[in-house]
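Residue-level structural notes
Here's the letter readout for the chains.
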Amino acid sequence: MTIFKEKVGEEYLTVAETKAVLEELERERAADEDREMRYELARAIEHVNRFAVLDPEESREFVAELQELEKVDEPTAYKIANLRPRDRDELRSIYAQERFTLSGDELDAILEVVAKYA
């Protein structure tokens, strides 16, 4: 017997999409006067309110445009969309765990997409 719960599913979200989900959850909790908001939830809401600059539709477009590039897979596209790196060094840190490196042209292509949504 294990104490861990079964993983039902996994879905990547941008900060903007997370903000929309948490806003709905916050509304539900506010409607129920007897239910307190947990500390972790309050901190998560504070975080997304501070860092979400796009609306959910724009963030999905951003991720889709990133995924059209050759060396940008789904998890990396979401990382880039959430972190919005401003220069090559910040972008290289996202790819630090990968077994390949990007050329200057590939880095610039990604940064051009990021600049559209900055």
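Residues numbered from 1 in each chain as written. Predicted model: local features only at pLDDT ≥ 70, side-chain atom pairs only at ≥ 80, totals over all residues. Heavy atoms only, no water.

Keep this limit in mind: UniProt positions are given in the numbering used here, feature names are shortened, and annotations may be inferred rather than shown by experiment.
Identification of the chain as DNA-directed RNA polymerase subunit Rpo4 from Halosimplex litoreum is taken from an unreviewed UniProt entry. Per its UniProt entry, the chain bears the Function (unreviewed entry) comment "DNA-dependent RNA polymerase (RNAP) catalyzes the transcription of DNA into RNA using the four ribonucleoside triphosphates as substrates. This subunit is less well bound than the others." According to the UniProt record, the Sequence similarities (unreviewed entry) comment for the chain reads "Belongs to the eukaryotic RPB4 RNA polymerase subunit family."

1. Observations concerning the nonpolar core
Note the following rule: We define the nonpolar core as a collection of buried residues of types Ala, Val, Leu, Ile, Met, Phe, Trp, Tyr and Cys that are connected through side-chain atoms lying within 4.5 Å of one another. Think of it in three bands: with a 1.4 Å probe and only protein chains considered, a residue is buried below 20% of the maximum accessible area for its type, exposed above 50%, and partly exposed in between. Only DSSP runs of H or I reaching four residues or more are called helices, and only runs of E reaching two or more are called strands; each is numbered from the N terminus. Contacts are assigned to residue pairs with any non-hydrogen atoms lying within 4.5 Å of each other.
Counting 19 residues, the largest nonpolar core has Phe62, Leu66, Val72, Ile80, Leu91, Tyr95 and Ile110 as the members making the most contacts within it. Within the residue set of this core, elements represented by two or more residues are helix H3 (56-67), helix H4 (74-83), helix H5 (88-94) and helix H6 (104-116). The element that contributes the greatest number of residues to this core is H6, accounting for five residues. In this structure, Phe62 is in contact with Leu54, Ile80, Ala81, Arg84, Val113, Val114 and Tyr117, ignoring residues within four places of it in sequence.

2. Quick notes on H6
Stated precisely, the cut-off is as follows: By this rule the span expected of a helix is its residue count minus one, scaled by 1.5 Å. Picture the helix axis, draw a direction to every C-beta atom, and the arc is the one those directions span.
In this model, H6 (13 residues) spans 19 Å end to end at C-alpha, consistent with the 18 Å of a helix rising 1.5 Å per residue. Listed as buried for H6 are Leu107, Ile110, Leu111, Val113 and Val114. The arc enclosing the buried residues of H6, seen along the axis, measures out at 155°, which places them on a common side. Among the exposed residues of H6, those oriented more than 90 degrees off its buried face are Asp105, Glu112, Ala115 and Lys116. Elements that come into contact with the buried residues of H6 comprise H3, H4 and H5.

3. Looking at the packing of helix H1 (residues 15-31) against H3
Cut-off, in case you're wondering: Axes here refer to lines fitted to C-alpha atoms; in helices the fit is confined to the stretch in contact. Angles between the N-to-C directions go from 0 to 180 degrees. Any angle between 65 and 115 degrees counts as roughly perpendicular, while under 35 counts as roughly parallel, over 145 as roughly antiparallel, and the rest as oblique. A crossing counts as left-handed when the near helix is turned anticlockwise from the far one by less than a right angle, and as right-handed when that turn is clockwise. Ten residue types, Ala, Val, Leu, Ile, Met, Phe, Trp, Tyr, Cys and Pro, are classed as nonpolar, four, Asp, Glu, Lys and Arg, as charged, and the remainder, Gly among them, as polar.
Relative to each other, H1 and H3 sit at 150°, their axes nearing to 8 Å. With respect to their mutual orientation, H1 and H3 come out roughly antiparallel. Note on packing geometry: the crossing formed by H1 with H3 is left-handed. Counted together, Ala16, Glu17 and Ala20 of H1 and Pro56, Ser59 and Arg60 of H3 form the full contact between these two elements. Looking at side-chain class alone, the contact of H1 with H3 contains three nonpolar, one polar and two charged residues.

4. Description of the UniProt feature "coiled-coil region" (unreviewed entry) in the chain
Under the UniProt annotation, the feature "coiled-coil region" (unreviewed entry) is placed at residues 15-42. Between the C-alpha atoms that bound residues 15-42 the distance is 15 Å, and the span itself is 75% helix and 0% strand.

5. Describing the packing of aromatic side chains
Selection criterion: By convention, a stacked pair of Phe, Tyr or Trp rings (six-membered ring in the case of Trp) has centres within 6.5 Å and planes under 30 degrees apart, an edge-to-face pair has planes over 60 apart, and any other such pair is tilted.
By the definition in use, this model includes three aromatic pairs. On the numbers, 5.7 Å between centres and 25° between planes, the contact of Tyr12 with Tyr78 is stacked. Pair noted here: Tyr12 is in the segment before H1 and Tyr78 is in helix H4, with a separation of 66 residues, a long-range link. A relative accessible area of 32% places Tyr12 in the partly exposed class.

6. Points about the environment of Arg29
With respect to the helices, strands and loops of the structure, Arg29 is situated in helix H1. For Arg29, a relative accessible area of 16% corresponds to the buried category. Not counting the four nearest positions on each side in its chain, Arg29 is found in contact with Arg35, Glu36, Met37, Arg38 and Leu41.

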